[in-house]
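This is what each chain is made of:
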Amino acid sequence: MNATIYHNPACGTSRNTLALLRHAGIEPVVIEYLVTPPDRATLVRLIADAGLTPRQAAREKGTPFVELGLDQPDVTDEQIIEAMQTHPILINRPFVVTERGTRLCRPSETVLEIIPPLSSPFVKEDGEVISP
């Protein structure tokens with residue numbers, strides 16, 4: 001199965017998702033989105049294909065979300081997309097794309113919705129076991 005993960009190696013959820021893909025026998029294309037951010041069209045497609053709004057796909061914790069005023073109810077989707085393009089840290093992670101769909105994999109086991117079933121248990125970094 002082909003897969004692409006928009007990954008941040010400093011994020012535990014992103015690391016667990018990548019490890020879960022590899023545990024399932026999938027070697028994904030890894031895009032470190034803070035180094036190589038998606039272009040606008042790709043970002044908009046990722047969000048839409050995951051069934052999210054830009055606000056739902058935005059990361060608040062550890063980002064300039066509030067400082068940029070993005071927490072205000074009158075901020076438009078377009079303004080959030082523009083902010084994500086300028087500050088990729090605002091893009092929540094990890095997004096994973098496979099032939100079965102696109103998901104924002106928070107929590108990491110959300111990736112199970114778009115990959116084949118696991119054949120053996122997977123242990124996350126914190127010791128939590130994900131059973132097949």
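Structure first, text after, so check above.
We now turn to the structure provided with this report. Source: prediction; values computed, not measured.

1. Quick notes on the pairing of strand β1 (residues 3–7)
Here comes step 1: In terms of burial, β1 is largely enclosed, as five of its five residues are buried.
Here comes step 2: With burial as the criterion, each face of β1 is covered, one bearing Ala 3, Ile 5 and His 7 and the other bearing Thr 4 and Tyr 6.
Here comes step 3: Where β1 and strand β3 (residues 95–98) come together, four bridges link them in antiparallel fashion. By the bridge assignment, Ile 5 is partnered in β3 with Val 96.
Here comes step 4: As a crossover connection, the stretch from β1 through helix α1 (residues 12–23) into strand β2 (residues 29–32) is right-handed.

2. A look at the environment of Ile 130
Here comes step 1: Secondary-structure assignment places Ile 130 in strand β6 (residues 129–130).
Here comes step 2: Taking C-alpha positions, Ile 130 is 9.2 Å from Leu 20, a pair spaced 110 residues apart along the chain.
Here comes step 3: If near-sequence neighbours (up to four positions away) are discounted, Ile 130 is found in contact with Glu 109, Leu 112, Leu 118, Pro 121, Phe 122 and Lys 124.

3. A few points about α1
Here comes step 1: Look at α1: 16 Å from first C-alpha to last across twelve residues, which is about the 16 Å you get at 1.5 Å a residue.
Here comes step 2: Within α1, the full set of buried residues consists of Thr 13, Ser 14, Asn 16, Thr 17, Leu 18, Leu 20 and Leu 21.
Here comes step 3: Tucked inside the fold, the buried residues of α1 contact β1, β2, β3 and β5 (122–123).
Here comes step 4: Backbone geometry just downstream of α1 places Gly 25 in the positive-phi region, at approximately 85°.

4. Let's talk about unusual backbone geometry
Here comes step 1: Backbone torsion omega between Arg 93 and Pro 94 reads -5°, so that peptide bond is classified as cis.
Here comes step 2: Among the secondary structure elements, Pro 94 is positioned in the loop between α4 (77–86) and β3.

5. Quick word on the pairing of strand β4 (residues 101–104)
Here comes step 1: Of the pairings in the sheet, the one linking β3 to β4 comprises four bridges and is antiparallel in character. If you follow Val 96 over to β4, its bridge partner there is Arg 103.
Here comes step 2: In textbook terms, the turn of a hairpin is the stretch between consecutive antiparallel strands, and for β3 and β4 this stretch comprises two residues.

6. Some points on the sheet that holds β4
Here comes step 1: Spatial ordering of the open sheet is given by β2-β1-β3-β4, a layout of four strands whose pairing is mixed. Lying at the two open borders of the sheet, with one neighbouring strand each, are β2 and β4. Recorded for the sheet is a direction-independent mean angle of 15° between the axes of neighbouring strands.
Here comes step 2: Here helix α2 (residues 40–49) sits on the sheet in contact with β1, β3 and β4, set at roughly 80° to β3.

7. A few points about the pattern of salt bridges
Here comes step 1: In total, this model carries six salt bridges according to the counting rule given.
Here comes step 2: The closest approach of N and O atoms between Arg 103 and Glu 113, which form a salt bridge, is 2.6 Å. Here the residue Arg 103 occupies a position in strand β4, and Glu 113 occupies one in the loop between β4 and β5, the gap between them amounting to ten residues.
Here comes step 3: Note on Arg 103: relative accessible area 24%, which makes it partly exposed.

The rules behind the values
- Residues numbered from 1 in each chain as written.
- Predicted model: local features only at pLDDT ≥ 70, side-chain atom pairs only at ≥ 80, totals over all residues.
- Heavy atoms only, no water.
- Buried < 20%, exposed > 50% of the residue type's maximum accessible area, 1.4 Å probe, protein only.
- Helix = DSSP H or I, 4+ residues; strand = E, 2+ residues; numbered from the N terminus.
- Pairing = 2+ DSSP bridges.
- Right-handed = clockwise from strand over helix to strand, strands pointing away.
- Contact = heavy atoms within 4.5 Å.
- Expected span 1.5 Å × (residues − 1).
- Axes fitted to C-alpha atoms, helices over the stretch in contact; angles between N-to-C directions.
- Salt bridge = Lys/Arg side-chain N within 4 Å of Asp/Glu carboxyl O.

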